[in-house]
Amino acid sequence: VVIITSGCSSPTYSKLNYSYNGAIENARIDNKEFAAKINNQIAEIYGSQAAVDVISDHFNILVVGQVESDGVADGIKFLIKSYPVVKSYISYATISSPPVLLTQEQVNKKVLDRIAAEDNLNQDNIQAVTIAGTVYIIGQISKYEAPNLKSIEEGLYSIPGVYKVNNLIKVMPYTNTL
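Just so it is clear, the model here is predicted, and its values are computed rather than measured.

## Comments concerning the sheet that holds strand β4 (residues 126-131)
The three strands lie next to each other as β4-β5-β6, forming an open sheet whose pairing is mixed. Two strands bound the open sheet, and with one partner strand each, they are β4 and β6 (164-172). Across the sheet, the mean angle separating the axes of adjacent strands is 10° when strand polarity is ignored. Bridge count for strand β5 (residues 134-142) against β6 is nine bridges, and the pairing is parallel. When the bridges of β6 are listed, T134 appears paired with K164. Of the strands in this sheet, β4 and β5 touch helix α3 (residues 104-116), which is tilted by about 155° from β4. Packed onto the sheet, helix α4 (residues 148-157) meets β5 and β6 and runs at close to 165° relative to β6.

## What to know about the nonpolar core
Counting 18 residues, the largest nonpolar core has I42, I61, I76 and I80 as the members making the most contacts within it. Residue contacts for I61: discarding those within four places in its chain leaves F34, V54, I55, S56, I80, V86, S88, Y89 and I90. Among the nonpolar cores identified, the runner-up in size contains 17 residues, and I126, A128, I137 and L149 belong to it.

## Regarding the pattern of salt bridges
Taken as a whole and assessed by the stated rule, the structure comprises three salt bridges. With its nearest N and O atoms 2.9 Å apart, the salt bridge here joins K109 to D113. Pair noted here: K109 and D113 are both in helix α3, with a separation of four residues, about one helical turn. By relative accessible area, which is 40% here, D113 ends up partly exposed. Two residues, K150 and E154, come together in a salt bridge whose shortest N-O distance is 3.8 Å. With K150 and E154 both in helix α4 and four residues apart, this pair spans about one turn of that helix.

Cut-offs used in this document
Residues numbered from 1 in each chain as written. Predicted model: local features only at pLDDT ≥ 70, side-chain atom pairs only at ≥ 80, totals over all residues. Heavy atoms only, no water. Pairing = 2+ DSSP bridges. Helix = DSSP H or I, 4+ residues; strand = E, 2+ residues; numbered from the N terminus. Axes fitted to C-alpha atoms, helices over the stretch in contact; angles between N-to-C directions. Contact = heavy atoms within 4.5 Å. Core = buried A, V, L, I, M, F, W, Y, C linked by side-chain atoms within 4.5 Å. Buried < 20%, exposed > 50% of the residue type's maximum accessible area, 1.4 Å probe, protein only. Salt bridge = Lys/Arg side-chain N within 4 Å of Asp/Glu carboxyl O.

This is how it looks when you write it as structure tokens:
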């Protein structure tokens, strides 16, 4: 039992705080090292058959990217689940031959290009940001442009590296084009 009798400057509090922060830092390093280990194993085993990135958060595993076949996807799942420390496994890896893993910058450029390709839409009023495979579309459009929104969303899902689209666009009776 630890009893802290004075303010935050007590040696006991400092030691507990340091220990807690040290445990958080160790968990972060462990997750990062574990993800790197799995990424290396996948690269070694599957080579060009898999272009994926493994992310670990408290040993809850997320796999994003592309694989060449269902067999490769199943093999990766088996590899990851063979570790007893894995709490959960989610894969957003899609099947594509050859598999491609785009950088965030490349994905975001493709997203912006796809929005710009829409003829009946004023792209000046729309912004898009891609973070970890999730596209956030932000802005405002007129009620006359609204029917094109569904087409844009469907098109964004066809871009490798896009796993979710959050549509935050407001439909206005008119657009403010300043």
